[in-house]
Amino acid sequence: MAPEVVRGIAQPNVQTDKYSLAVVLFKLLFRGDPMEGEKVVRDVCLTESSELKHYGQNAVFVYDPNDASNRPVRGIHDNVIKFWRIYPDYIKDAFVRSFTTGISDPTKRIIENEWQKLFIRLRSEIIMCGCGRTNFASMFVQPDDKTFKCPKCGMEFATLGFSNRKNRMPLFLGCKFYECEISSDSEEFMKVAGELVENKLKPGVLGIKNCSDRKWRAKMPDGVFYDIAPGKGFPVWQGLEIDFGEIKAQI
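Not measured: the values here are computed from a predicted model.

For the rest of this paragraph, the subject is the environment of Asp64. Tracing the backbone shows Asp64 in the loop between helix 4 (48-57) and helix 5 (78-86). Setting aside residues up to four positions removed in sequence, Asp64 forms contacts with Arg71 and Thr100.

Here it is, written out as structure tokens:
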């Protein structure tokens with residue numbers, strides 16, 4: 001529950017629902033409670049008065065950058081400690097905002113649409129390297145602003161940049177992008193639009209397959225744009241440009 005509900009000064013509403021959503025998302029990602037740290041552990045028995053204090057009157061986020069009094073405790077909150085190191089800064093910043101300024105000012109809490117955009121980005125930045133390492137792009141080396149490099153085996157990954165966002169998507173065999181990423185008004189978060197596949201006739205040659213139900217246009221190595229029908233593909237090369245219609249992408 002949001003702190004104002006715990007204190008009894010507000011009834012559940014849209015703003016308190018935003019807080020509850022942030023708590024649920026934190027528990028899913030970090031496998032712990034965002035307010036359960038050292039301060040809470042000190043209270044061996046959580047009475048109603050102590051719960052009111054820790055979750056209502058004086059709620060302190062475990063990773064509040066300005067208050068270290070309620071940090072996770074090793075041996076008790078190991079999952080939170082482990083996963084906080086792994087997730088990218090933009091995800092952690094969203095939770096910091098939700099559980100610091102968002103505690104005292106409900107209007108600063110994150111809306112559902114913003115969470116959706118953050119998790120669409122997070123999904124697109126997962127890299128599965130051929131050596132077996134799978135992690136977020138932020139855990140890989142970045143030689144330049146368009147390339148990621150595996151710190152374990154040294155394999156490099158080119159990236160695809162989309163015209164409607166700043167972050168680039170790492171390209172690796174089997175990676176996918178979704179309808180919601182190539183159409184601004186789409187809510188198809190699970191429908192695959194494109195996939196990086198290997199040419200069946202030329203092993204080692206990679207291409208992008210159009211898995212959508214719409215025609216695309218792609219720039220080929222001869223410099224000419226060609227229509228790419230659903231089910232068809234085109235090679236990945238340094239000068240690749242893709243026209244999805246409203247949104248464009250390029251290597």
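Here the focus is helix 2 (residues 14-30). Note: α-helices contain 3.6 residues per turn, so residues at a spacing of three or four share the same orientation. The end-to-end C-alpha separation of helix 2 is 24 Å, in line with the 24 Å expected for 17 residues at 1.5 Å each. Thr16, Lys18, Tyr19, Ala22, Val23, Leu25, Phe26, Leu29 and Phe30 are the residues of helix 2 that are buried. Looking at the buried side of helix 2, the elements it contacts are helix 1 (3-6), helix 5, helix 6 (89-99), helix 7 (101-104) and helix 8 (112-124). Where helix 2 begins, the side chain of Asn13 points an oxygen toward the backbone nitrogen of Gln15, at a separation of 2.9 Å. Looking one or two places after helix 2, you find Arg31, whose phi comes out positive at around 55°.

With that settled, consider the sheet that holds strand 9 (residues 206-210). Reading across from one edge, 7-8-9-12 is the order of the 4 strands in this open sheet, with antiparallel pairing throughout. What marks the edges here is a single partner per strand, and that holds for strand 7 (176-178) and strand 12 (233-235). Going across the sheet, the axis of each strand differs from the next one's by a mean of 20°, ignoring polarity. With 3 bridges joining them, strand 9 and strand 12 adopt antiparallel strand pairing. Bridging across to strand 12, Lys209 finds its partner in Gly233.

Those residues of helix 5 that sit buried are Val80, Ile81, Phe83 and Trp84. Lining the buried residues of helix 5 we find helix 2 and helix 6.

Attention now goes to the pairing of strand 3 (residues 141-144). Looking at chain direction, strand 3 and strand 4 (residues 147-149) are connected through 2 bridges and run antiparallel. Among the inter-strand pairings, Asp144 is bridged to a residue of strand 4, identified as Thr147. The hairpin formed by strand 3 and strand 4 contains 2 residues between the paired strands.

Formed by 33 residues in total, the largest nonpolar core has its most connected members in Phe26, Phe30, Phe61, Phe95 and Phe99. Secondary structure elements with two or more residues in this core: helix 2, helix 5, helix 6 and helix 8. The biggest single contributor to this core is helix 2, with 7 residues. Residues contacting Phe99, with those up to four places away along its chain left out, are Tyr19, Ala22, Val23, Phe26, Pro34, Met35 and Phe61. By size, the runner-up hydrophobic cluster in this structure holds 29 residues, among which are Phe162, Trp216, Met220 and Leu240.

What counts, and at which threshold
Numbers given to residues run from 1 along each chain, matching the order in which its sequence is written. Predicted model: local features are reported for residues with pLDDT of at least 70 only, side-chain atom pairs are reported and counted for 80 or more only, and whole-chain, interface and lining totals are derived from all residues. Computation of side-chain values: all heavy atoms of the structure, hydrogens and water removed. Only DSSP runs of H or I with at least four residues qualify as helices, and only runs of E with at least two residues qualify as strands; both kinds are numbered from the N terminus onward. Contacts are residue-level and defined by heavy atoms, with any inter-residue pair within 4.5 Å sufficient. Each residue after the first adds 1.5 Å to the expected span of a helix. With a 1.4 Å probe rolled over the protein chains alone, any residue whose accessible area is under 20% of its type maximum counts as buried; one over 50% counts as exposed, and the rest are partly exposed. Counted as a polar contact is a pair of N or O atoms within 3.5 Å, where, for protein atoms, one must be capable of donating a hydrogen and the other of accepting one, and residues adjacent in sequence contribute only when both atoms are in side chains. Any two strands with at least two DSSP-identified bridges between them are counted as paired. Axes, fitted as lines to C-alpha atoms, cover a helix only where it is in contact. Angles between the N-to-C directions of the axes lie from 0 to 180 degrees. Nine residue types can take part in a nonpolar core, namely buried Ala, Val, Leu, Ile, Met, Phe, Trp, Tyr and Cys, and a core is a set of them joined through side-chain atoms within 4.5 Å.

Coordinates in, geometry out; function isn't part of it.
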